[in-house]
Amino acid sequence: MAKPFLSIERLTQQFPDGAGGTLTVFENATFGVEKGEFVCILGHSGCGKSTIMNILAGLAEPTSGVVKMDGFEVSGPSLDRGVVFQNYSLLPWLSALKNVTFGVAARHKDWSKTQVEEHARKYLAQVGLEGDVVNRKPSQLSGGMRQRVSIARAFANQPKLLLLDEPFGALDALTRGTIQEELIKVWSQTEQTVFMITHDIDEAILLSDRILLMTNGPMARVAESVEITIPRPRNRTEIVEHPNYYAIRNHLVQFLGQRSKELAGQPSSGDDHRPETVRIDNSEPAPEESEPAVVPTLRAVGD
Amino acid sequence: MIRSLDLRSAMLSLLILVAGLFIWHATTHVPDTGPVGVVLSADQEQALLAKNMGAEDIAYYASQGVEFPQLDQIAGLGLSREMIDMAGGIRALGISVPDENSAPAPGSLFPSPAQIGVELWATITDPFYVAGTNDMGYGIQIGYSLLRVIIGYTLAAAVAIPLGFLIGMSPLAYRALDPYIQVLKPISPLAWMPIALFTIGDSELSSIFVIFICSVWPMLTNTAFGVASVRSDWINVARTHELGSLKTAITVILPAAAPTIITGMRISIGIAWLVIVAAEMLVGGTGIGYVVWNEWNGLRLDRMIVAILLIGVMGMLLDTLFARLQRAVSYTE
Ligand SMILES: Nc1ncnc2c1ncn2[C@@H]1O[C@H](COP(=O)(O)OP(=O)(O)O)[C@@H](O)[C@H]1O
Ligand SMILES: [Mg+2]
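Predicted model only: the values in this text are computed from it and were never measured.

Parameters at a glance
Residues numbered from 1 in each chain as written. Chains lettered and ligands numbered in written order. Predicted model: local features only at pLDDT ≥ 70, side-chain atom pairs only at ≥ 80, totals over all residues. Heavy atoms only, no water. Helix = DSSP H or I, 4+ residues; strand = E, 2+ residues; numbered from the N terminus. Rg over C-alpha atoms; globule rule 2.2 N^0.38 Å. Buried < 20%, exposed > 50% of the residue type's maximum accessible area, 1.4 Å probe, protein only. Contact = heavy atoms within 4.5 Å. Areas by Shrake-Rupley, 256 points an atom, 1.4 Å probe, with all protein chains shown as cover. Axes fitted to C-alpha atoms, helices over the stretch in contact; angles between N-to-C directions. Parallel < 35°, antiparallel > 145°, perpendicular 65-115°, else oblique. Nonpolar A, V, L, I, M, F, W, Y, C, P; charged D, E, K, R; others polar. UniProt positions renumbered as here; feature names shortened; annotations may be inferred. Buried area = accessible area lost by both parts, 1.4 Å probe. Salt bridge = Lys/Arg side-chain N within 4 Å of Asp/Glu carboxyl O. Polar contact = N/O pair within 3.5 Å; in protein donor to acceptor, adjacent residues only side chain to side chain. Domains from an automatic or database assignment. Arc of directions from axis to C-beta. Pairing = 2+ DSSP bridges. 1 Å grid on protein atoms, 1.4 Å probe; cavity = no way out; pocket = protein on both sides within 12 Å on 5 of 7 lines; lining within 4 Å. Points joined across faces, edges and corners; volume = space filled by probe spheres on them.

1. Re the overall build of chain A
- Counting secondary structure elements, chain A contains 7 helices and 11 strands.
- What you see for chain A is a C-alpha radius of gyration of 20 Å, in line with the 19 Å of a compact globule of 303 residues.
- Projecting the C-alpha coordinates of chain A onto the three principal axes gives extents of approximately 55 × 55 × 35 Å.
- The 303 residues of chain A split such that 54% are buried.
- The long-range fraction of contacts in chain A, counting pairs at least 24 apart against all pairs at least 6 apart in sequence, stands at 73%.
- Surface accessibility of chain A: about 13200 Å² in total, with carbon and sulfur atoms responsible for 50%.

What follows is the structure in structure tokens.
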């Protein structure tokens, strides 16, 4: 089997626990993400999701283990790995537009000013920010608009891997819904590989091709990899009618509610901790091994 | 509402000014200086004239505050004023009269607003005259002070801001330098003066050094604090965009810390302006601080007060400049 596009190999992270000992957040975690795939990682607070993300982003060093992207070992942050932080992380002294051009100019150092601005405006428009709003400072924008700017900044740089850490965690349900749809729209146009943290089950099902489930920490494990066997394009109101939806949802709820506790805290016996692949499919006709994002043969439940 | 608040506060300010000027005027205005004249009744004047005292002499001594009983004694001497002066004055003749120099009316030495107004007008209309090394327009003198402040202050900024960046970014540098900063910061700028005069010698350079040393600390500590407290998220944004250290410092850390840095610069310029006046009083020569001292020694309190007013106005202008700058770089999260 060929190596996946993004390969996380025997990743271990330990922190001093404050009482002289060490806290092992996770141990020998091993999994992969394919090119163009949208993967969500679900788990309880404190299990180590952000820690994994920071390592993937290159903002933190693991205690041991490697992350390889396109066959090359990741070390340090890079423009190839774009990050959308939970708190948006916009620079408050720059306008929305300038926040995006900041990123674009860093990526395309040889571009002219107008080229950079045009590119930035294009991506802002894709998340519904056009006209005068782009000249406002983040403090003059709503939480939803800020996160849109942050998403536009990340997508505008066309990174090979996009990392999102609970991007909608601070938004109200309505705004969340709209931005989720915008995210799908932008993603489907770019075929970006996305790795996203969330603790919202419905959000994960709506967005991802595959959901990684983490057990509780310490000694958390990426225990399962659940395929989302619901064809795209998906729509938040119609997706619930798909026969697989509740089957998958129940499985996830059951995992987070019960099995994440039961599986927690088991030290590895030295071998890799690979997630177990779970495939739930009640729909007819017979399931196919589908490529993500392009599922012409499956009955589209959406439009 | 805002407009009416502006209007009302302006009215109130004006009222306070008028009231202040009025009190000042009332307490300092004396129609003619010198001893308060004595007013004689017609009977008394008649009695003196009857003793062959000249009407002019009576008027003169009365105006000098000599009371009737003493006037009566003078009249008894039968001498004219000229002869009395030749004899060494009436006091020499054993008659007690008020001292000419004693007890001027309260406040009569302190200039009235009108006198200040005249001086102020003279200064404003001709601020740059040069009539000798000790007699130059206040515009020129303020210019000297300002120049020293600008030189010392610019040098201080050139040292404090980069050093503050270093201290703010490196916990090692912070811990190593913090004890020195803590000890040197509270030393009064004027305590540096003797050291400066001894080691540097030149009085001009010494006052610049004192400006430097007193404006360095607020800028240094504020820059270090501002840089150290830049949110790590913003630094991470720079890192994920592969910005180098210099680029990060300029495009992320500097704007993020700018409000704190400018606050430090504003405090510093205020201190520098306070200190230059004191320093110039000590070293003398030129500058608005020297002017204050010089006018005081020459007992030209009116001119001294004009100089003091100019110091205040200049200080306000400097502060306003930095307040503008502060507003320009501020941001809300
Ligand atoms: N820098 C650190 N030092 C010590 N412990 C840490 C550090 N960062 C994270 N942790 C610990 O690691 C665990 C996982 O944290 P995190 O990855 O933020 O969880 P999640 O994002 O899943 O909520 C937590 O128990 C947290 O306390
Ligand atoms: Mg987290």
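2. Some details on the packing of helix α12 (residues 245–283) of chain B against helix α14 (residues 301–329) of chain B
Residue and element names in this part refer to chain B.
- Here α12 crosses α14 at 170°, and the two axes come no closer than 9 Å. By the angle between their axes, α12 is roughly antiparallel relative to α14. Between α12 and α14, the residues in contact are Ala258, Pro259, Ile262, Thr263, Met265, Arg266, Ile269, Trp273 and Val277 and Ile311, Met314, Gly315, Leu318, Asp319, Phe322, Ala323, Leu325, Gln326 and Val329, respectively.
- Here the contact of α12 with α14 is built from residues that sort into 14 nonpolar, 3 polar and 2 charged.

3. A word on the UniProt feature "domain: ABC transmembrane type-1" (unreviewed entry) in chain B
- Cross-referencing UniProt, the feature "domain: ABC transmembrane type-1" (unreviewed entry) maps to residues 142–322 of chain B in the present numbering.
- Across residues 142–322 of chain B one finds 88% helix and 0% strand; the C-alpha atoms that close the span lie 19 Å apart.

4. Here we look at the UniProt feature "transmembrane region" (unreviewed entry) in chain B
Residues and elements named next belong to chain B.
- Those residues carrying the UniProt feature "transmembrane region" (unreviewed entry) are residues 146–168, 207–228, 248–265, 271–293 and 305–325 in this numbering.
- Helix and strand shares over residues 146–168 are 100% and 0% respectively, and the end C-alpha atoms of the span are 31 Å apart.
- Note that residues 305–325 is 100% helix and 0% strand, and that its end C-alpha atoms are spaced 31 Å apart.

5. A look at the interface of chain B and chain A
- If you look at the interface, chain B gives 17 residues, while chain A gives 19 residues.
- Three residues stand out in chain B for area buried against chain A, namely Arg239(B), Thr240(B) and His241(B), and they jointly supply 34% of the buried area on that side.
- Here chain B and chain A share 0 salt bridges between them.
- Summed over the shared surface of chain B and chain A, the result is 5 residue pairs in polar contact (both at pLDDT 80 or more).
- Listed by contribution, the elements that provide at least two residues to the side of chain B that touches chain A are α11 (232–240) and α12 of chain B.

6. So, the pattern of salt bridges
All names here are of chain B.
- Tallied over the entire structure, the rule returns 25 salt bridges over all chains.
- Among the salt bridges present, the one from arginine 231 reaches glutamate 333, with a minimum N-O distance of 2.7 Å. Remark: glutamate 333 occurs in the segment after α14 and arginine 231 occurs in the loop between α10 (203–228) and α11; sequence separation between them is 102 residues.
- Owing to a relative accessible area of 29%, arginine 231 belongs among the partly exposed residues under this scheme.

7. Regarding the domain arrangement of chain B
- In terms of domains, chain B is made up of domain 1 (42–102) and domain 2 (124–329).
- A C-alpha centroid distance of 63 Å is found between domain 1 of chain B and domain 2 of chain B.

8. Looking at helix α3 (residues 55–63) of chain B
All names here are of chain B.
- Listing the buried residues of α3 in full gives Asp57, Ile58, Tyr61 and Ala62. Buried residues in α3, looked at end-on, bunch into an arc of 125°, giving them a common side.
- Elements that come into contact with the buried residues of α3 comprise α2 (42–50), α4 (68–77) and α5 (81–86).
- Glycine 65 lies just past α3 and shows a positive phi near 90°.

9. Notes on the domain arrangement of chain A
Residues and elements named next belong to chain A.
- By domain assignment, chain A separates into domain 1 (6–71 + 160–169 + 193–301) and domain 2 (81–158).
- In this structure, domain 1 and domain 2 have C-alpha centres spaced 28 Å apart.
- On the domain 2 side, the residues contacting the 15 residues of domain 1 number 11 residues.
- Interface of domain 1 and domain 2: buried area, both sides summed, is about 1100 Å²; carbon and sulfur atoms make up 60% of it.
- When the area that domain 1 buries against domain 2 is broken down by residue, the three leading residues are Leu162, Leu163 and Pro167, summing to 34%.

10. Observations regarding the sheet that holds strand β1 (residues 6–16) of chain A
All names here are of chain A.
- The strand order across the open sheet formed by 4 strands is β2-β1-β4-β5, and the pairing between neighbours is antiparallel. Pairing within the sheet leaves two strands with one partner each, and these edge strands are β2 (22–33) and β5 (72–73).
- The pairing of β1 with β2 spans 8 bridges and is classified as antiparallel. Residue pairing across strands places glutamine 13 opposite phenylalanine 26, the latter belonging to β2.

11. Observations concerning empty space enclosed by the protein
- Following the criterion strictly, the structure yields 2 cavities of 30 Å³ or more and no others.
- Here the largest cavity is characterised by a volume of approximately 100 Å³.
- Surrounding the largest cavity, 13 residues form its lining, Gly82(A), Val83(A), Ala154(A), Asn157(A) and His241(B) being those nearest its centre.
- Those elements giving two or more residues to the lining of the largest cavity turn out to be β6 (81–84) and α4 (143–156) of chain A together with α11 of chain B.
- The element that contributes the greatest number of residues to the lining of the largest cavity is β6(A), accounting for 3 residues.
- Looking at side-chain class alone, the lining of the largest cavity contains 6 nonpolar, 5 polar and 2 charged residues.
- What lines the second largest cavity is simply Glu166(A), Phe168(A), Gly169(A), Arg176(A), Thr198(A), His199(A) and Glu203(A).
- When the residues that make up the lining of the second largest cavity are grouped by side-chain class, the tally is 1 nonpolar, 3 polar and 3 charged.

12. Focus on the sheet that holds strand β7 (residues 161–165) of chain A
Residue and element names in this part refer to chain A.
- Across the sheet, 7 strands lie side by side as β6-β7-β8-β3-β9-β10-β11; this open sheet has mixed pairing. Each edge of the open sheet carries a strand with a single partner, namely β6 and β11 (276–279). Averaged over neighbouring strand pairs, the angle between their axes works out to 20° when direction is ignored.
- Strand direction decides the pairing type here: strand β10 (residues 222–227) and β11, joined by 4 bridges, are parallel. What sits directly across from glutamate 227, in β11, is arginine 279.
- Sheet strands touched by α4: β6 and β7. Its angle to β6, the strand with the most contacts, is close to 180°.
- Contacts from helix α7 (residues 243–262) reach β3 (38–42), β9 (210–214), β10 and β11 within the one sheet, and its direction differs from that of β10 by about 170°.

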